[in-house]
Amino acid sequence: MVFAPDHNDFSARRCVWVNGPVIVGAGPSGLAVAACLKEQGVPFVILERADCIASLWQRRTYNRLKLHLPKQFCQLPKLPFPVDFPEYPSKKQFIDYLESYAQHFEINPQFNECVQSAKYDETCGLWRVKTCSTKGAVARGAASEVEYICRWLVVATGENAECVVPDIEGLNEFGGKMLHACDYKSGEGFKGKRVLVVGCGNSGMEVSLDLCNHNSFPSMVVRSSVHVLPREIFGKSTFETAVFLMKLLPLWLVDKLLLILAWLVLGNTESYGLKRPSTGPMQQKNTQGKTPVLDIGALEKIKSGDIKVVPGIKRFSHDRVELVDGENLYVDSVILATGYRSNVPSWLQESDFFTKNGFPKQPFPNGWKGKAGLYAVGFTRRGLSGASVDAMRIANDIGQVWKEETKPTKRFTACHRRCISQF
Ligand SMILES: Cc1cc2nc3c(=O)[nH]c(=O)nc-3n(C[C@H](O)[C@H](O)[C@H](O)COP(=O)(O)OP(=O)(O)OC[C@H]3O[C@@H](n4cnc5c(N)ncnc54)[C@H](O)[C@@H]3O)c2cc1C
Ligand SMILES: NC(=O)c1ccc[n+]([C@@H]2O[C@H](COP(=O)([O-])OP(=O)(O)OC[C@H]3O[C@@H](n4cnc5c(N)ncnc54)[C@H](OP(=O)(O)O)[C@@H]3O)[C@@H](O)[C@H]2O)c1
C-alpha cells in the first residue's frame with residue numbers, strides 16, 4: 001500500500017507506518033494504555049507534545065499539590081504505588097511513580113511531537129495522524145512534520161489539555177502580574193501582595209490557601225455556587241465514603257447524606273459566601289462533570305477572614321477590579337484559577353464520537369470506544385481511576401483483534417511492513 005502525503009508538502013513531511021495503535025498523549029492515561037497493551041503483546045507509538053511524560057503534573061501544577069483522593073484510587077493498572085507512599089501522595093511522589101511506571105513497562109514516547117490533525121481515511125481504512133515538532137528538529141533544519149499511519153487511534157490528551165482564560169472586560173488593561181493557575185508554583189513571590197484569585201474550584205481554593213501561607217492577601221472570586229466537602233469525614237475519605245454509599249443507595253440519598261456529614265464537619269458554608277448549588281455534589285459531578293472542592297484547609301482561612309470571598313467580576317482596569325456588587329478592589333496580582341478544557345476538537349477531524357467540547361458523547365461507561373478503531377481514555381470525569389478502567393478496556397479490545405490476526409496460521413501483512421512501534 002502506498003501512502004502519499006498531500007502533494008504540496010511532500011518534501012517536508014515524513015510518512016511512517018505504525019504497527020499497532022498510535023496513542024496521543026503521554027499523561028497517566030496514555031501511559032496506562034501503553035502498559036496494558038504491552039501486556040497484550042501489542043506494539044504502539046505514543047506521541048507527546050511536551051518533552052516529558054505527565055507534563056500536566058511536571059510542568060503545569062503548583063508545588064504544594066497532593067493527590068486529593070486516597071492512593072488506591074489513583075494508581076495505574078498493573079503496578080501499585082510503593083507501599084510506603086502516604087494516603088495522599090505528593091505531586092513529587094506521583095511523578096516519581098509515573099516515571100518508574102514508564103520505565104517498568106519500557107514505555108518510550110516520541111517527545112516534542114504535537115499532533116496537529118488526525119483523520120480517518122475511508123479509502124484505505126486507516127488513520128492519518130499529522131504531527132509537528134515542538135522543538136529541536138526545526139532548529140536543526142530537519143523535517144518538522146511527520147505523518148503516522150495506523151489502524152487504531154487512542155486519544156489520551158486529557159480533560160485539562162488547555163487552560164481556560166475567561167473573556168472579562170478590561171482584562172488586558174490590568175497592569176499588575178497576571179497568570180493562570182497552571183503557571184502558579186508557590187506564593188513565594190507574592191508575599192505582602194493583594195492577590196485576586198479568580199475561581200473557587202480545587203485550584204482556586206488551594207492557590208488561595210497557599211498564598212495565605214506565604215503571607216499574601218488573597219481575595220477569591222466566587223461568581224456562582226460551589227460544593228465544598230471535607231477531604232475526610234470522621235477520619236474516612238469522603239470520596240471513598242461516597243463510592244461505598246453509591247453502591248447501596250440512590251444518588252439523591254447519597255448526596256443528602258454527604259451534605260449532612262459535610263455540615264457536621266464544616267458547618268454552614270453558605271454563611272461564608274460559598275453558596276451551595278441546588279444539585280447535590282455527586283449528581284452534579286455525574287451530570288455536569290463539576291468536581292466538588294475537597295477542602296484541605298482553605299475553609300478555615302475563609303472563616304478567619306484570611307481569604308476574602310468576593311462576588312463575580314464586572315471589569316478590570318489598570319490597578320483594580322470592579323465587582324458585580326459595585327465594590328472596587330485594588331489588587332497587585334491576579335491568578336486565573338478558571339479551569340481547563342479538552343483540545344480534541346482542535347486536531348481530531350471527527351464528529352460522531354466527540355462533542356464540540358472535546359468529550360465523548362456517550363457517558364461513562366460507554367465513552368471509550370468509537371468507530372473505525374478510535375478510542376478515548378481519561379475523559380470520563382472520573383479522574384485517574386476512570387482512566388485506568390478505560391485503559392484496560394481499550395487494551396483488551398485491541399489485544400483481542402491483534403491476537404486473532406497474528407495467529408501463526410494466518411498471513412499477517414502488518415509484520416512485513418516497516419514499523420517504528422515499541423515492543
Ligand atoms: C491541578 C490538578 C490536580 C489534579 N489532581 C487530581 C487528583 O488528585 N486525582 C485525580 O484523579 N485527578 C486529578 N486531576 C485530574 C487530571 O486530569 C488527572 O490526574 C490526570 O492528569 C489525567 O491524565 P491524562 O493522561 O488523561 O491527561 P493529562 O495528564 O493532561 O495528559 C495528557 C497529555 O497529552 C499531551 N497532549 C495534549 N495535546 C496533545 C497533542 N495535540 N499532541 C501530543 N500530545 C498532546 C499533554 O502534553 C499531556 O502530557 C488533577 C488535575 C489538575 C489540573
Ligand atoms: N488536589 C487536587 O487533586 C486538585 C487540585 C486542583 C485541581 N484539581 C482538579 O483539576 C480539575 C480542574 O480544577 P480547577 O479548579 O482548575 O478548575 P474548575 O474546577 O473548572 O473550576 C474553575 C473555577 O473558575 C470559575 N470561573 C471560570 N470563569 C470565571 C469567570 N469569568 N469569573 C469568575 N469565575 C470563573 C468557575 O466558576 P463557575 O463554577 O461559576 O463556572 C470555577 O469556580 C478538577 O478536576 C479538579 O478537581 C485537583
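Nothing here was measured: the structure is a model prediction, and the numbers come from that model. (Residues numbered from 1 in each chain as written. Chains lettered and ligands numbered in written order. Predicted model: local features only at pLDDT ≥ 70, side-chain atom pairs only at ≥ 80, totals over all residues.)

Peer 1: Tell me about the overall build of the chain, and name the residues and values.
Peer 2: Counting secondary structure elements, the chain contains 10 helices and 23 strands. Whereas a compact globule of 423 residues would reach a radius of gyration of roughly 22 Å, the chain reaches 23 Å, a difference of no more than 12%. (Helix = DSSP H or I, 4+ residues; strand = E, 2+ residues; numbered from the N terminus. Rg over C-alpha atoms; globule rule 2.2 N^0.38 Å.)

Peer 1: Let's hear about the pairing of strand E6 (residues 145-150): which residues, and what values?
Peer 2: On a regular strand, each side chain points to the face opposite its neighbour's, so the side chains alternate between the two faces of the sheet. For strand E1 (residues 13-17) and E6, the ladder comprises 5 bridges, and the chain directions are parallel. Each residue of the ladder has a partner; that of Arg14, found in E6, is Val146. Here strand E5 (residues 126-133) runs beside E6; their pairing, made up of 6 bridges, is antiparallel. Looking across to E6, one finds that Cys132 is bridged to Glu145. (Pairing = 2+ DSSP bridges.)

Peer 1: Now, about the site of ligand 1: what can you tell me, with residues and values included?
Peer 2: Near ligand 1, the surroundings consist of 36 residues, among which Gly25, Gly27, Gly158, Gly378 and Gly383 are the closest. Looking at the shell around ligand 1, the elements with two or more residues in it are helix H1 (28-40), helix H2 (55-59), strand E4 (113-121) and helix H10 (383-405). Of the residues assigned to the shell around ligand 1, the class counts are 19 nonpolar, 14 polar and 3 charged. (Near = placed C-beta within 6 Å. Nonpolar A, V, L, I, M, F, W, Y, C, P; charged D, E, K, R; others polar.)

Peer 1: Lay out the domain arrangement of the chain in plain terms, naming residues and giving numbers.
Peer 2: Assigned domains within the chain: domain 1 (2-161 + 342-405) and domain 2 (164-336). The C-alpha centroid of domain 2 is placed 31 Å from the C-alpha centroid of domain 1. Facing the 9 residues of domain 1 at the interface are 15 residues of domain 2. Tallied by class, the residues present in the side of domain 1 that touches domain 2 amount to 4 nonpolar, 2 polar and 3 charged. (Domains from an automatic or database assignment. Contact = placed C-beta atoms within 7 Å.)

Peer 1: Explain the site of ligand 2 residue by residue, including any values.
Peer 2: Around ligand 2 sit 26 residues in total, of which Pro166, Gly199, Gly201, Ser203 and Gly339 are the nearest. Tallying contributions element by element places helix H4 (residues 202-213) first for the shell around ligand 2, with 4 residues. For the shell around ligand 2, the per-class residue count stands at 11 nonpolar, 12 polar and 3 charged.

Peer 1: For the confidence of the model for the chain, give the residues involved together with the corresponding values.
Peer 2: Mean pLDDT over the chain works out to 93, with 92% of the residues at or above the 70 mark. Throughout residues 415-419 the model reports pLDDT below 50, and contacts reaching past four residues in sequence, or to other chains, amount to 6 contacts. (pLDDT = per-residue confidence, 0-100.)

Peer 1: Which residues make up the packing of helix H5 (residues 238-248) against helix H6 (residues 251-266), and what values go with them?
Peer 2: At their nearest, the axes of H5 and H6 sit 9 Å apart, and the two run at 145° to each other. Classified by chirality, the crossing of H6 by H5 is right-handed. Residues Ala242, Leu245 and Met246 of H5 form the contact with H6, whose own contacting residues are Leu251, Val254, Leu257 and Leu258. Tallied by class, residues from the contact of H5 with H6 come to 7 nonpolar, no polar and no charged. (Axes fitted to C-alpha atoms, helices over the stretch in contact; angles between N-to-C directions. Left-handed = near helix turned anticlockwise from the far one by under 90°.)

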